[in-house]
Amino acid sequence: MMKAILLAAAATAAFSGAAFAEFPDRAITWIVPFGAGGVTDITSRRLAERLQAELGQPVIVENKPGAGGIVGSQEARIAAPDGYTVLLATSGPFGIQAALSPEKLPYDPLGDFEFIHGVTASPQLIVANYDAPFNTMAELVAYAKEHPGDLNFGSPGVGTAQHLGGELFKRAAGIDLEHIPYTSGSTQMVDLAAGVIDLSFEYQTVVAPYVDDKKMKVLGVTLGERLKASPDIQSVAEAGYPDAVNVGWTFLAVPKNTPEDIRARLEEAMAKVMNEPAIVAQVESDGRSVVNLKGHQPGHDYISAEIAKFKAAAEGISLK
């Protein structure tokens, strides 16, 4: 009897180990809930390449834009919980919209997903068309007050971190800026460079080529202090607008009920990727930082606190 029990236990352990070792045995889909060319897309493709090297299977990035990230997030929610679909969960559809319009979400950010690892946290740069008649935040605010209703700002969609960045700044500065939502960060940048829109609150990775080509200029950064990588850029707090501080964040997530051993495999692989010196250096060179939180509970607690913060910080902001 004892021999039979030991044999059964060994067989169970072997099966469990084999199941763990077999994942992944095919390609993994990495959903980006925004269009190609934006910061989430650029970051995801870089990290997916490294994750592929760790897992030994292709990690294919798929862009699923729409409704400020809701469309792609919902697609990840209804995917099979088998580890073969992962989502770059961002602060727009997982934090801001969860705080301001939870009834509009077809999913529960905290209840329908399990978090694998933190990815990045990043402020927005306040950028204007290169020919705009202002060069600093003070000049922007003065111009907006002298020309009420004339200025607008673009974002990759309603409820995104970039949208909130603009809303927080205009409220903190006491100015009127019309919000122009896009479905793609790259389209927004093309229009800003062409002068179709006036301003954007976007990430350094996205705006850098346009700034280098003198199609855009940087007025400030949505931080409490200056960026280490760009100490010449004034922070919103330094300019007198501490209530405009805003940081977007991302986490890698999977659908709820993904098996624990599969989550563990993904967690270990992502931890290695996010701690690679080259990845850390590249993230920091882009004006961001790594969110070094591994596993579901730390991610859940972080996002829960951010939702509470957004509720308090964005009270009264419309997501229209």
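Residues numbered from 1 in each chain as written. Predicted model: local features only at pLDDT ≥ 70, side-chain atom pairs only at ≥ 80, totals over all residues. Heavy atoms only, no water.

## A word on the sheet that holds strand S2 (residues 59-63)
The six strands are arranged S2-S1-S3-S10-S4-S11 in an open sheet whose pairing can be described as mixed. In this open sheet, the two edge strands, each paired with only one partner strand, are S2 and strand S11 (289-290). Relative to strand S10 (residues 247-255), strand S4 (residues 113-123) runs antiparallel, the two being bridged by eight bridges. Of the residues in S10, the one forming a bridge with Ser 122 is Gly 248. (Pairing = 2+ DSSP bridges. Helix = DSSP H or I, 4+ residues; strand = E, 2+ residues; numbered from the N terminus.)

## Observations regarding the pairing of strand S1 (residues 28-32)
Every other side chain in a regular strand lies on the same face of the sheet, so the side chains alternate between the two faces. When you tally the buried positions in S1, you get four out of five residues, the bulk of the element. Note: S1 against S2, five bridges, orientation parallel. Residue Val 32 lies in a different strand from S2, and its bridge partner there is Asn 63. Taken together, S1, helix H2 (residues 39-55) and S2 constitute a β-α-β crossover, and its handedness is right-handed. Alignment of S1 against strand S3 (residues 85-90), held across three bridges, turns out to be parallel. (Buried < 20%, exposed > 50% of the residue type's maximum accessible area, 1.4 Å probe, protein only. Right-handed = clockwise from strand over helix to strand, strands pointing away.)

## Quick look at the packing of helix H7 (residues 185-194) against helix H8 (residues 204-212)
Between H7 and H8, the shortest axis-to-axis distance is 11 Å and the interhelical angle comes to 30°. On the basis of their axis angle, the class for H7 and H8 is roughly parallel. Classified by chirality, the crossing of H8 by H7 is right-handed. For the pair formed by H7 and H8, the contact residues are Ser 186, Met 189, Val 190 and Ala 193 on the first element and Val 206, Val 207 and Tyr 210 on the second. When grouped by side-chain class, the residues that make up the contact of H7 with H8 number six nonpolar, one polar and no charged. (Axes fitted to C-alpha atoms, helices over the stretch in contact; angles between N-to-C directions. Parallel < 35°, antiparallel > 145°, perpendicular 65-115°, else oblique. Left-handed = near helix turned anticlockwise from the far one by under 90°. Contact = heavy atoms within 4.5 Å. Nonpolar A, V, L, I, M, F, W, Y, C, P; charged D, E, K, R; others polar.)

## Remarks on the domain arrangement of the chain
Domains assigned within the chain are domain 1 (28-121 + 248-314) and domain 2 (123-244). The centre of domain 1, based on its C-alpha atoms, is set 25 Å off from the matching centre of domain 2. The partner domain 2 presents 19 residues to the 22 residues of domain 1 that form the contact. For the pairing of domain 1 and domain 2, the buried interface totals around 1600 Å² over both sides, and the portion due to carbon and sulfur atoms is 62%. Viewed at the interface, domain 2 and domain 1 are joined by zero salt bridges. If you list the elements that add at least two residues to the side of domain 1 that touches domain 2, you get H2, helix H4 (91-100), helix H10 (277-285) and helix H11 (296-313). Split by residue class, the side of domain 1 that touches domain 2 holds nine nonpolar, 10 polar and three charged. (Domains from an automatic or database assignment. Buried area = accessible area lost by both parts, 1.4 Å probe. Salt bridge = Lys/Arg side-chain N within 4 Å of Asp/Glu carboxyl O.)

## Thoughts on unusual backbone geometry
Of note, the bond from Phe 23 into Pro 24 is cis; its omega dihedral lies within 30 degrees of zero at -5°. Inspection of the secondary structure puts Pro 24 in the loop between helix H1 (2-22) and S1. Positioned with a positive phi, Ala 67 is a non-glycine residue whose angle comes to about 55°. Topologically, Ala 67 is positioned in the loop between S2 and helix H3 (70-77). In this structure Ala 67 comes out as partly exposed when scored by relative accessible area, which is 48%. For Lys 214, which is not glycine, the phi dihedral falls at a positive 60°. With respect to the helices, strands and loops of the structure, Lys 214 is situated in the loop between H8 and strand S9 (216-221). Under the relative-accessibility criterion, Lys 214 is labelled exposed at 56%.

## Quick notes on the sheet that holds strand S6 (residues 152-155)
Here we have five strands laid out as an open sheet, ordered S7-S6-S8-S5-S9, and mixed in their pairing. A single partner strand is all that each edge strand has here, and the edge strands are strand S7 (178-181) and S9. With direction set aside, neighbouring strand axes in the sheet form an average angle of 30°. The pairing of S6 with strand S8 (residues 199-202) spans two bridges and is parallel. For Gly 154, the partnering residue across the bridge sits in S8 and is Ser 200.

## Description of the pairing of S7
Note that S6 and S7 share four bridges and pair parallel. Its bridge partner being in S7, Asn 152 is matched across the sheet by Glu 178. Note on the crossover from S6 through helix H6 (residues 161-173) to S7: the handedness is right-handed.

## Some details on the environment of Ala 239
When you line up the elements, Ala 239 lands in the loop between S9 and S10. Owing to a relative accessible area of 24%, Ala 239 belongs among the partly exposed residues under this scheme. Placed 66 residues apart in sequence, Ala 239 and Ala 173 show a C-alpha to C-alpha distance of 9.9 Å. Each residue touching Ala 239, except ones within four places of it in the same chain, is listed here: Met 137 and Gln 234.

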